[in-house]
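Okay, here's what each chain looks like letter by letter:
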Amino acid sequence: MSHEFTVTGSSLLVDAPIIAVRRDRLVMPGGNEADREIVEHFGAVAVVALDDQGRVALVEQYRHSVGTRLLELPAGLLDMHAEAELACAKRELQEEAGLAAREWGVLVDLVTSPGFAEEAVRVFIARDLEEVERPEAENEEADMTLRWVDLTDAADMVLSGRIVNSIAVAGILAACRVEAGQASPRDVAEPFEFRPTSLAERRAAAGIVPDMKRI
């Protein structure tokens, strides 16, 4: 019979705009208790946007945690209260790439760092693209550039270590299987089972809506 990891206590250690850190005390197999620190997160979406030439839209963005610019998929946080994943993906595709799409599917869901973080990401595939006006960018996004890369070349860049963002790695390789006819996207109405709720529910309860990172 599987052990149930019951939480006997919890405390908030850090409360920052886009993350929080809490400490849970869990009952372990055998009856002893141990602490586990969890990074709370809003969750996020990303988009593999493919044009009619088989190219994927990639953005190059500075990431301070690694001190360099990374090639990534257009992506963003689910930080607007009760915003649907698809609505967020459409917004981020416009904001980061100046694109809109008429065809959407769910490509892959991933939990990025389950050893310590709640972050989960839904990656969409988008086709039948058109250019739209991109809003004026702020902060790191003001330095962001857009690149079109052949999907097979992007997969080669993953395997050669030139694309290392985990969300981009998963999305690009999954899209290769779809484009090869080896898999099909899922319906956008399928529930996002792993979408985090801890941070969003606490911010909403405190009245921090619609933009839940404005604390």
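Calculation rules
- Residues numbered from 1 in each chain as written.
- Predicted model: local features only at pLDDT ≥ 70, side-chain atom pairs only at ≥ 80, totals over all residues.
- Heavy atoms only, no water.
- Helix = DSSP H or I, 4+ residues; strand = E, 2+ residues; numbered from the N terminus.
- Rg over C-alpha atoms; globule rule 2.2 N^0.38 Å.
- Contact = heavy atoms within 4.5 Å.
- Areas by Shrake-Rupley, 256 points an atom, 1.4 Å probe, with all protein chains shown as cover.
- Pairing = 2+ DSSP bridges.
- Axes fitted to C-alpha atoms, helices over the stretch in contact; angles between N-to-C directions.
- UniProt positions renumbered as here; feature names shortened; annotations may be inferred.
- Polar contact = N/O pair within 3.5 Å; in protein donor to acceptor, adjacent residues only side chain to side chain.

## Considerations on the overall build of the chain
Argument step 1. In terms of regular secondary structure, the chain is built from four helices and 10 strands.
Argument step 2. Ordered by position from N to C terminus, the α and β elements of the chain give β-β-β-β-β-β-β-α-β-β-β-α-α-α.
Argument step 3. Its C-alpha atoms give the chain a radius of gyration of 19 Å, within 12% of the compact-globule value 17 Å for 215 residues.
Argument step 4. Taken along the three principal axes of its C-alpha coordinates, the chain extends 60 × 40 × 35 Å.
Argument step 5. Sequence separation of 24 or more characterises 61% of the internal contacts of the chain that already satisfy a separation of 6 or more.
Argument step 6. Summed over all atoms, the accessible surface of the chain reaches about 11600 Å², with 50% contributed by carbon and sulfur.

## Points about the environment of Glu40
Argument step 1. If you trace the backbone, Glu40 turns up in strand β3 (residues 33–41).
Argument step 2. Placed 18 residues apart in sequence, Glu40 and Arg22 show a C-alpha to C-alpha distance of 7.3 Å.
Argument step 3. If we skip the residues at most four places from it in the chain, Glu40 touches Ile18, Ile19, Ala20, Arg22, Glu118, Ser198, Leu199 and Arg202.

## A short note on the sheet that holds strand β4 (residues 44–49)
To summarise the sheet geometry, strands pair through backbone hydrogen bonds and adopt either a parallel or an antiparallel arrangement.
Argument step 1. In space, the four strands of this open sheet follow the order β7-β4-β9-β8, with mixed pairing throughout. Each edge of the open sheet carries a strand with a single partner, namely β7 (75–77) and β8 (99–111). On average, adjacent strands in this sheet sit at an angle of 25° to one another, irrespective of strand direction.
Argument step 2. As defined by bridge partners, β8 adjoins strand β9 (residues 120–131) across 11 bridges and the pair is classed as antiparallel. By the bridge assignment, Gly105 is partnered in β9 with Ile125.
Argument step 3. In this fold helix α1 (residues 85–97) packs onto β4, β7, β8 and β9, with an angle of close to 115° to the strand it touches most, β8.

## With respect to the UniProt feature "domain: Nudix hydrolase" (unreviewed entry) in the chain
Argument step 1. What UniProt calls "domain: Nudix hydrolase" (unreviewed entry) maps, in this numbering, to residues 40–171.
Argument step 2. Counted over residues 40–171, helix gives 21% and strand 42%. Its end C-alpha atoms are 23 Å apart.

## As for the environment of Phe124
Argument step 1. In this fold, Phe124 is placed in strand β9.
Argument step 2. Phe124 sits 19 residues away from Gly105 along the chain, and the two C-alpha atoms are 5.6 Å apart.
Argument step 3. Residues in contact with Phe124, not counting those within four places in the same chain, are Val45, Ala46, Val47, Val48, Glu85, Leu86, Ala89, Trp104, Gly105, Val106, Leu107 and Val188.

## With respect to the pairing of β9
Argument step 1. As judged from the six bridges shared by β4 and β9, these two strands associate in the parallel manner. Considered in β9, the bridge of Val45 is made with Arg122.

## Points about the side chain of Asp51
Argument step 1. Along the polypeptide, Asp51 turns up in the loop between β4 and β5 (55–63).
Argument step 2. A distance of 2.9 Å separates the side chain of Asp51 from the backbone nitrogen of Gln53, its partner in a polar contact.
Argument step 3. Polar side-chain contacts of Asp51 include one of 2.7 Å to the side chain of Arg55.
Argument step 4. When near neighbours in sequence (up to four residues on either side) are disregarded, Asp51 contacts Leu129 and Trp148.

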